[in-house]
Each structure stands twice: as C-alpha cells, then as structure tokens.
Amino acid sequence: MKAEDVQGDLTEVLFSKEEIEAKIAELAAAVDADYQGRDVLLVGVLKGAVMVMADLCRALQGQYPMDWMAVSSYGSGTKSSGVVRILKDLDTDLSGRDVLIVEDIIDSGLTLSWLRANLESRRAASVEVCALLRKPEAAKTAIDVKYVGWDIPNEFVVGYGLDYDEKYRNLDCIATLAPHVYA
Ligand code: 5GP
Ligand code: MG
Ligand code: MG
C-alpha cells in the first residue's frame, strides 16, 4: 500500500520507500562490518519488526539465522509499564550466542530494556539492538542501542510494519497519522 492509497489518513510522509531501503542498506553494512565471521542470531520482535527484519536480513551479506519473539507490555492505559509478558518465545537456545534484537521503534524503551535483560539472562554471549526508529524525547530509560536508523520527534507514526489498531502495517513508507483517525 502506498501513501496515496490512504492519503487523507496521513499528515506527513517522514521516510519514503526509497529512503527506508537506503537506510536499511546502511544498517546492514554496519552490522556486517561489526559481526564479520561471527554466528549472530537475529531476534525479531513481532509484529512491528517484520518489515525491518525481512529487508535487513536480505541486505546482510553473511549467514544470519533468525528467530522471533512476541511480547505484550502491561501498562496502565496507553503507557508501556515495562512489565512484559512473553506471548511467543524463541525456539533457539541462546547460551554462548551473539544476539542482535531487531526492532521497529523505540519509544519509552521499557519493553526493549526488559527484553534485553531477559535475553542476557539466558547466557547469551552478547545482546545488541538494531532499531529503525527511536524517539529520544520519549525515553524513560537509557538503553544502549548499537544501530539506529533515525531519531524522530515524539509523534505517532505508522507504516513499514508499524500499526494503528492493526492497520497501516503494509504501508510502504513511514508517515505520521492524522488526528482524525484516532477519533
Ligand atoms: P516502548 O516500551 O518502547 O514504549 O514500546 C515500544 C513499542 O510501542 C514499539 O515496539 C511499538 O510496537 C509501539 N510504538 C511506540 N511508538 C510507536 C509509534 O509511533 N507508532 C506505532 N505504530 N507504534 C509505536
Ligand atoms: Mg516493536
Ligand atoms: Mg502496535
């Protein structure tokens, strides 16, 4: 789906399909350079990171096995609390493995901070993070994110895996959602 297919729902396209493709290639080159020759497991966080994972893993040059987790963040109202429930766990034993968490967006950072600690506790050799987007103004906890595509303002974005009410995930760009859609 393209921006013009849901034009009235969007206020601004932040990143086009082409810009995302170029950014993913940049991230992949950095990951390849850092992990050369190592056995790295990519861990995608469902469902938002599906597009990032699909494009990132194909832009990478080496062998990178992948696995998936689904987590749900318990919070009061709309806020992430950092208390996380695992809905789908990994199939892979992490002991001694280098792990790279692949994420769509870091907002408060609470979910990711929990996830990282959880994976580290499984005796992974290393746990790093690659996120396409980050909202620095929304950060509630400091997380060391090794690979970030773009820092964005504290606005709700959709597309390229990111949803509002399960919609707009299949939008090929990343855009801000018009306020009337929330109403
Ligand atoms: P955190 O624990 O960092 O606050 O929550 C991160 C999760 O909230 C993301 O993985 C994503 O699912 C969701 N999220 C945060 N910001 C946005 C946004 O701007 N748009 C969408 N669609 N989801 C978001
Ligand atoms: Mg996510
Ligand atoms: Mg969502």
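Shown above is the structure to which this text applies.
Per-chain numbering applies: the sequence of each chain, read as written, is numbered from 1 onward. The lettering of chains begins at A and the numbering of ligands begins at 1, in the order of writing. Only residues with pLDDT of 70 or above have their local features reported here, since the model is predicted, and side-chain atom pairs are shown and tallied only from 80 upward, although totals for entire chains, interfaces and linings are computed over all residues.

A. Focus on the overall build of the protein chain. In this description a helix means any DSSP run of H or I spanning at least four residues, a strand means any run of E spanning at least two, and both kinds are numbered starting from the N terminus. For the protein chain, the count of helices and strands is four helices and nine strands. For the protein chain, the spread of C-alpha atoms along the principal axes amounts to about 50 × 40 × 25 Å. The buried share of the protein chain, reckoned over its 183 residues, is 32%. Expressed as a percentage of contacts within the protein chain between residues at least 6 apart in sequence, the contacts between residues at least 24 apart total 65%. Exposure classes come from backbone-placed C-beta atoms, where a residue is buried if 20 or more other C-beta atoms lie within 10 Å of its own, exposed if 12 or fewer do, and partly exposed in between. Whether two residues are in contact depends on their C-beta atoms, placed from the backbone: they are in contact if these lie within 7 Å.

B. Geometry of the sheet that holds strand E8 (residues 157–158). Any two strands with at least two DSSP bridges between them are considered paired. With respect to topology, three strands assemble into an open sheet ordered E1-E9-E8, the strand pairing being antiparallel. Two strands lie at the open edges of the sheet, namely strand E1 (10–15) and E8, each paired on one side alone. Strand direction decides the pairing type here: E1 and strand E9 (residues 174–177), joined by four bridges, are antiparallel. Across the sheet, the residue bridging to Val13 is Ala175, located in E9.

C. Representation of helix H1 (residues 17–35) in the model. Taking 1.5 Å as the rise per residue, H1 with 19 residues should run 27 Å; its terminal C-alpha atoms sit 27 Å apart, in good agreement. Every buried residue of H1 is accounted for by Ile20, Ile24, Leu27, Ala28 and Val31. End-on, the buried residues of H1 take up no more than an arc of 105°, which puts them together on one face. Residues of H1 that are exposed and point more than 90 degrees away from the buried face comprise Glu18, Ala22 and Ala33. The inward-facing, buried residues of H1 abut E1, helix H2 (50–59), strand E5 (98–106), strand E6 (126–134), strand E7 (147–151) and E9. What a helix is expected to span follows from its residue count: subtract one and scale by 1.5 Å. In this description, the arc belongs to the directions extending from the helix axis to the C-beta atoms.

D. A look at the pairing of E9. Bridge count between E8 and E9: two bridges; the pairing is antiparallel. Looking at the pairing, Val158 lines up with Ala175 of E9.

E. Highlighting the nonpolar core. Core membership is restricted to buried Ala, Val, Leu, Ile, Met, Phe, Trp, Tyr and Cys residues, and these are joined into a nonpolar core through C-beta atoms within 7 Å. Leu42, Val43, Val99, Leu100, Ile101 and Val102 are the most contacted members of the largest nonpolar core, which has 45 residues in total. Residue contacts for Ile101: discarding those within four places in its chain leaves Val43, Val45, Leu115, Arg116, Val127 and Val129.

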